[in-house]
Amino acid sequence: MTEAMAAAAQEHGLGARQQLVENNPKRKPWPFVVLMAAVGGWAFDFGLDIAVENQRKDGTWYFGLPMLGAAALALATAAWLLLRRNGTKTWVARYEHGLARQIAGAEPEVHHWDEIRWVARDDVKVVQQIGSYMKYQLLVAPEQGRLIVVDNEYAGVLPFAEGVTEAFTRARVPKDAARLEAGERLEFGGVIDINAGGLGKGSRRIGWRELGKIELKQGRMHVHRRGEPKAWLTVPAVGLPNLLVLLTLADALRRRHSPDEGPGAG
């Protein structure tokens, strides 16, 4: 972590540092770029010689096409490797009261929890012929500034994503609960919303007394009506902004209005 980021976090009162991750940008494979460029240049000259010679002898210039095609492939590979963006060294740290990010060559960015609009997890399982792996991605959208993305390029991305999501939720839930008490409706990614009366999507609504369980399965959120095994509503959960905030508030409101768990239960 840079001294500038640590100083900025201290100056803005973020408290003690809890977690830190950094990426490891890949360097350009210069030896391979040079090799592909050399092979491409040689194949082009050779293919052009074959085409010219055969055209002069019997008009079969197209015998040079395979070598010219190989040349084009090698040169295109060299160009792609040369022009591909390899990322910039970046540090992201979680503090008691917010996040800080430092991109190499730029000023540190500092964001208190109440200066962040939403946090989302976009974790997906990637299946390949030789196996599968999890692609983790934490997305943090500040009120001011660019989106913060922490993914598999950062060692320790999973515990960091979990720590940020939980810390942000603890800070956000009391404020969103107060907004609900004041009569506001809270929207989550334009996919689902809640208010003091219940939960729903568009015109479909279910009251807190009717709400049963909410399950997360295979990247989707299944909302069940009390006593019914089939989901009343199913919406995407992967990448849903403030998902843990939604689940925490919904569970608290369901318990408050439940005839089995409310103040008069028992």
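Residues numbered from 1 in each chain as written. Predicted model: local features only at pLDDT ≥ 70, side-chain atom pairs only at ≥ 80, totals over all residues. Heavy atoms only, no water.

*Asks:* Would you take a moment to explain helix 5 (residues 243–257) for this structure?
*Replies:* Residues separated by three or four positions in an α-helix point in the same direction, a consequence of the helix having 3.6 residues per turn. The first and last C-alpha atoms of helix 5 sit 21 Å apart over 15 residues, in line with the 21 Å expected at 1.5 Å per residue. Buried residues of helix 5: Leu243, Val245, Leu246, Leu249, Ala250, Leu253 and Arg254, and no others. All buried residues of helix 5 lie within an arc of 155° about the axis, which places them on one face of the element. (Helix = DSSP H or I, 4+ residues; strand = E, 2+ residues; numbered from the N terminus. Expected span 1.5 Å × (residues − 1). Buried < 20%, exposed > 50% of the residue type's maximum accessible area, 1.4 Å probe, protein only. Arc of directions from axis to C-beta.)

*Asks:* Please explain the sheet that holds strand 11 (residues 192–195) as it appears in this structure.
*Replies:* Pairing between the strands of a sheet is mediated by backbone hydrogen bonds and can be parallel or antiparallel. Spatially, 10-11-12-13 is the arrangement adopted by the four strands of the open sheet, whose pairing is antiparallel. Here the strands that pair on one side only, and so sit at the sheet edges, are strand 10 (186–188) and strand 13 (204–207). Going across the sheet, the axis of each strand differs from the next one's by a mean of 20°, ignoring polarity. Strand direction decides the pairing type here: strand 11 and strand 12 (residues 198–201), joined by three bridges, are antiparallel. Directly across from Asp193, in strand 12, lies its bridge partner Gly200. Seen against the sheet, helix 5 touches strand 10 and strand 11 and runs at an angle of roughly 40° to strand 11. (Pairing = 2+ DSSP bridges. Axes fitted to C-alpha atoms, helices over the stretch in contact; angles between N-to-C directions. Contact = heavy atoms within 4.5 Å.)

*Asks:* It is not clear to me how a nonpolar patch on the surface should be interpreted in this structure. Could you clarify?
*Replies:* Together, Phe44, Leu48 and Val52 make up an exposed nonpolar region whose accessible area comes to about 270 Å². Within the secondary structure, Leu48 is located in helix 2 (residues 30–57). Judged by relative accessible area, which is 39%, Leu48 ranks as partly exposed. (Patch = residues over 30% accessible without salt bridge, like charges linked within 9 Å, V, L, I, M, F, W, Y side chains within 5 Å. Areas by Shrake-Rupley, 256 points an atom, 1.4 Å probe, with all protein chains shown as cover. Salt bridge = Lys/Arg side-chain N within 4 Å of Asp/Glu carboxyl O.)

*Asks:* Help me out: how do you make sense of the pattern of salt bridges in this one?
*Replies:* Opposite charge on two side chains lets them pair, provided their charged atoms get close. Tallied over the entire structure, the rule returns 17 salt bridges. The partner of Asp123 in a salt bridge is Arg121, with the nearest N and O atoms 2.7 Å apart. One salt bridge in this structure joins Glu184 and Arg179, with 3.1 Å as the shortest N-O distance. Here Glu184 falls in the partly exposed class, since its relative accessible area comes to 34%. Assessed through its relative accessible area of 30%, Arg179 is described here as partly exposed. Several salt bridges converge on common partners, so that one network encompasses Arg172, Asp176, Arg179 and Glu184.

*Asks:* Could you clarify how one ought to interpret helix 4 (residues 157–181) in this entry?
*Replies:* Taking 1.5 Å per residue as the helical rise, helix 4 with its 25 residues ought to reach 36 Å, and the 35 Å between its terminal C-alpha atoms agrees with that figure. Its axis deflected by about 35° at Arg172, helix 4 carries its strongest bend there, up to four residues before the proline Pro174. Of the residues flanking the end of helix 4, it is Gly183, one or two places downstream, whose phi is positive at about 95°. (Bend = angle between axes of the 7 residues up to and from the residue.)

*Asks:* Mind showing me how you'd approach the nonpolar core here?
*Replies:* Soluble, globular proteins show a tendency: their nonpolar side chains are buried together. Counting 41 residues, the largest nonpolar core has Val150 and Ile194 as its most contacted members. Top element by residues in this core is helix 4. It accounts for eight residues. Setting aside its immediate chain neighbours within four residues, Val150 contacts Val21, Val92, Tyr136, Gln137, Leu138, Val157 and Phe160. Within the second largest apolar cluster, nine residues are counted, among which are Met5, Ala8, Trp91 and Ala93. (Core = buried A, V, L, I, M, F, W, Y, C linked by side-chain atoms within 4.5 Å.)

*Asks:* Hey, could you run me through the sheet that holds strand 9 (residues 148–151) in this one?
*Replies:* The antiparallel open sheet is built from three strands, whose spatial order is 5-8-9. Edge positions in the sheet fall to strand 5 (116–121) and strand 9, since each of these pairs with one other strand and no more. Strand-to-strand, the axes of this sheet are offset by a mean angle of 10°, without reference to chain direction. When strand 5 meets strand 8 (residues 137–142), the two strands line up antiparallel, connected through five bridges. Looking at the pairing, Trp118 lines up with Ala141 of strand 8. Packing of helix 4 onto the sheet brings it into contact with strand 5, strand 8 and strand 9, and relative to strand 5 it is tilted by some 140°.

*Asks:* Help me understand the packing of aromatic side chains in this model?
*Replies:* Within a pair of aromatic rings, the relevant descriptors are the distance that separates the centres and the angle that separates the planes. This model, assessed by the stated rule, comprises one aromatic pair. Between Trp113 and Phe168, the ring centres sit 6.3 Å apart and the planes meet at 65°, which makes this aromatic pair edge-to-face. Taken together, the residues Trp113 in the loop between strand 4 (109–112) and strand 5 and Phe168 in helix 4 connect sequence positions 55 residues apart. In this structure, Arg204 is placed above the aromatic ring of Trp232, and the distance from its NZ or CZ to the ring centre is 4.6 Å. (Phe/Tyr/Trp six-rings, centres within 6.5 Å; stacked < 30°, edge-to-face > 60°. Lys NZ or Arg CZ within 6 Å of the ring centre and 35° of its normal.)

*Asks:* Got a minute to help me understand the packing of helix 4 against helix 5 in this structure?
*Replies:* Two quantities define a packed helix pair, namely the angle between the axes and the distance from one axis to the other. Packing of helix 4 against helix 5 brings their axes to within 8 Å, and their N-to-C directions diverge by 50°. In terms of orientation, helix 4 lies oblique with respect to helix 5. For the pair helix 4 and helix 5, the crossing hand works out as right-handed. Between helix 4 and helix 5, the contacting residues are Thr165, Glu166, Phe168, Thr169, Arg172, Val173, Asp176, Ala177, Leu180 and Glu181 on the first element and Leu244, Val245, Thr248, Leu249, Leu253 and Arg256 on the second. (Parallel < 35°, antiparallel > 145°, perpendicular 65-115°, else oblique. Left-handed = near helix turned anticlockwise from the far one by under 90°.)

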